[in-house]
Amino acid sequence: DGGITQSPKYLFRKEGQNVTLSCEQNLNHDAMYWYRQDPGQGLRLIYYSQIVNDFQKGDIAEGYSVSREKKESFPLTVTSAQKNPTAFYLCASRDRGERNQPQHFGDGTRLSIL
Amino acid sequence: GQQLNQSPQSMFIQEGEDVSMNCTSSSIFNTWLWYKQDPGEGPVLLIALYKAGELTSNGRLTAQFGITRKDSFLNISASIPSDVGIYFCAGRRVGGSEKLVFGKGTKLTVNP
């Protein structure tokens, strides 16, 4: 099946700990994105990557880091510097080969603090 | 970052009723997208719009790209219980690069 796979579905973080959320896609999409969703809010962009080995900060990048070593993978690390990490994290990807193709989303990872 | 003005925030309707929701922006957009999100899941794309005035249907759903390019509308006809969820609009500003701007969502409840 083609799609975007996020893992794990649920993740718990202890104080002072870094955690990494996985996002893998087999759609051959160039662009990948990470969003944060809080209750009653729209999606806010954390980081995005338009091509392998390149990424840009979104609107709320502080306390997060990413890498894009492979086209199909865009992991997000929530560092201890992120003081309010409890949220639902969504990964998306898009085909940049055709103009204005929409983003498609994975099923999310819910991160909670222990 | 900017967010779109999406309304209403929530709707409680009876099965069989029609539903309308909209999004507005102070900026001009070249793309409007409508997504539906079920609890604990990722948003699923419903309709994509690329041209001012464009009207596109997907089953019982119809969406329009406003003539001013600053708004979009989503209508659901003859609602059914599985229409329950949160509906998000999203748009790409002219000259706005890769970034999508999202509304805060409309939570739809359908009473059988």
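Within each chain, residue numbers correspond to sequence positions counted from 1 in written order. For naming, the first written chain is A and the first written ligand is 1, with later ones following in the order written. The predicted origin of the model limits local features to residues at a pLDDT of at least 70 and limits the giving and counting of side-chain atom pairs to 80 or more, whereas totals for whole chains, interfaces and linings rest on all residues. Neither water nor hydrogens contribute to the side-chain values; these are computed over all heavy atoms in the structure.

(A) Structural context of the sheet that holds strand β7 (residues 64-66) of chain A. Residue and element names in this part refer to chain A. The antiparallel open sheet is built from four strands, whose spatial order is β1-β3-β8-β7. Of all strands in the sheet, those with a lone pairing partner are β1 (4-7) and β7, marking the two edges. Going from strand to strand, the sheet's axes swing by 20° on average, the running direction of each strand aside. Here a strand pair is declared whenever DSSP counts at least two bridges between the two strands. The secondary structure listing takes helices from DSSP runs of H or I that are at least 4 residues long and strands from runs of E that are at least 2 residues long, numbered from the N terminus. Where β1 and strand β3 (residues 19-25) come together, four bridges link them in antiparallel fashion. Residue Q6 lies in a different strand from β3, and its bridge partner there is C23. Axis angles are defined between N-to-C directions and span 0 to 180 degrees, where every axis is a line fitted to C-alpha atoms and, for a helix, only to the segment in contact.

(B) Seen up close, the interface of chain A and chain B. On the chain B side, the residues contacting the 26 residues of chain A number 22 residues. What counts as buried area is the accessible surface, traced by a 1.4 Å probe, that two parts surrender upon association, with contributions from both included. Here chain A and chain B share an interface that buries about 1900 Å² over both sides, 49% of which is from carbon and sulfur atoms. Counted as salt bridges are all cases of a side-chain nitrogen of Lys or Arg within 4 Å of a carboxyl oxygen of Asp or Glu. Counting across the chain A and chain B interface gives one salt bridge. Notably, a salt bridge pairs B:K99 with A:D59, separated by 3.7 Å at the nearest N-O pair. By definition in these notes, contact holds between two residues if any of their heavy atoms fall within 4.5 Å.

(C) Region of the structure containing a nonpolar patch on the surface. All names here are of chain A. Taken together, Y10, F12 and L114 make up a surface patch of nonpolar side chains, about 380 Å² in accessible area. Along the polypeptide, Y10 turns up in strand β2 (residues 10-13). Note on classification: 1.4 Å probe, protein chains only; a residue is buried when its accessible area is under 20% of the maximum for its type, exposed when over 50%, partly exposed between these limits. A relative accessible area of 54% means that Y10 is categorised as exposed. Patch membership is restricted to residues that have no salt bridge and whose relative accessible area is over 30%. Joining uses 9 Å for like charges and 5 Å for the nonpolar side chains Val, Leu, Ile, Met, Phe, Trp and Tyr. Each accessible area is a Shrake-Rupley result for a 1.4 Å probe, and residues are judged covered by the shown protein chains and nothing else.

(D) Seen up close, the pattern of salt bridges. Residue and element names in this part refer to chain A. Enumeration according to the criterion identifies six salt bridges over all chains in this entry. Between K71 and D30 there is a salt bridge, with the nearest N and O atoms lying 3.5 Å from each other. One end of the pair, K71, is in the loop between β7 and β8 (76-78); the other, D30, is in the loop between β3 and β4 (31-37), with 41 residues separating them in the sequence. Accessibility expressed as a relative area gives 26% for D30, which makes it partly exposed. Here the salt bridges do not stand alone but share partners, grouping R36, D38 and R44 into one network.

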